[in-house]
Amino acid sequence: MKISGRINKKKAVVVSPDRIRLICAAMLKHCERLEFLAETYSKTSISFDDIDEFLEYDNFKPRRIVSVEIAGYIGYSRIISVEIGDLNFSPIVNYGSTIRCDYKLDSVDAETIFKSDFETWYQKIKSNYWLLGKFSFTGLFFVPSAFITLI
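Predicted model, so just to flag it, every value in this text is computed and none were measured.

### Describing the packing of aromatic side chains
According to the stated counting rule, one finds six aromatic pairs in the structure shown. Members of the aromatic cluster, joined through ring pairs, are Phe36, Phe48, Phe54 and Tyr57. Sitting above the plane of the Tyr73 ring, Arg33 keeps its charged end 4.4 Å from the centroid. Over the ring of Tyr41 we find Arg64; its NZ or CZ atom is 4.7 Å from the centre of that ring.

Now the structure itself:
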C-alpha cells in the first residue's frame, strides 16, 4: 500500500539551522538518505551532498539562497519532498505558498507520524507577521487604482 499526499502552508516562516535539522530528523524516520537542492537569487541551482555542507554554505548577495528542496529517498525512489521558499506567481502578494511537501508513505501509521512531526515543525518555524506585510507595495496600489480607473 502507498499513501500519497501534499501539504501546502501559506504563512511566513523563519528558517534556522536548528529548524532544518528538525525537519531532516523527521524525514529520516521514513527515508534512508536526504538530498538538498537550492536555488539562488541569481537563478543558479546548487546540489549539496549532506546537511553540513548545506548549512555551511556562504549565503551572501547574488549567491543568496531563495528556495531549498529537501528530498528523502529509499533506494532511488523519492519518498518525501519538502520545498521551502516563495512559491508565488502573483504580483499582488509578497508571498503565497511558502512550504510545499509531497510524500508517498507505506502505511497510515507512517503518514500520521510524519504529518504530526511536520505540523510540529511548521508551528516552530511559523512567523508572527503583520497582515499588510503579505501584500506587495505594487499590489496595494495597483488593484485599487485599476478599480478606480474602471469606474
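### Overview of the environment of Ile125
When you line up the elements, Ile125 lands in helix H3 (residues 108–125). Relative accessible area serves as the criterion here: at 1%, Ile125 is assigned to the buried category. Between the C-alpha atom of Ile125 and that of Lys11, which follows or precedes it by 114 residues, the distance is 9.7 Å. When near neighbours in sequence (up to four residues on either side) are disregarded, Ile125 contacts Ala12, Val13, Val14, Arg19 and Ile99.

### Regarding the packing of helix H1 (residues 17–28) against H3
Orientation of H1 relative to H3, taken along the N-to-C sense of each, is 175°, at an axis distance of 10 Å. By the angle class used here, H1 and H3 are roughly antiparallel. Of the residues in H3, those in contact with Arg19, Leu22, Ile23, Ala26 and Met27 of H1 are Phe114, Asp117, Phe118, Trp121, Lys124 and Ile125. Per-class residue counts for the contact of H1 with H3 are eight nonpolar, no polar and three charged.

Criteria and cut-off values
Residues numbered from 1 in each chain as written. Predicted model: local features only at pLDDT ≥ 70, side-chain atom pairs only at ≥ 80, totals over all residues. Heavy atoms only, no water. Phe/Tyr/Trp six-rings, centres within 6.5 Å; stacked < 30°, edge-to-face > 60°. Lys NZ or Arg CZ within 6 Å of the ring centre and 35° of its normal. Helix = DSSP H or I, 4+ residues; strand = E, 2+ residues; numbered from the N terminus. Buried < 20%, exposed > 50% of the residue type's maximum accessible area, 1.4 Å probe, protein only. Contact = heavy atoms within 4.5 Å. Axes fitted to C-alpha atoms, helices over the stretch in contact; angles between N-to-C directions. Parallel < 35°, antiparallel > 145°, perpendicular 65-115°, else oblique. Nonpolar A, V, L, I, M, F, W, Y, C, P; charged D, E, K, R; others polar.

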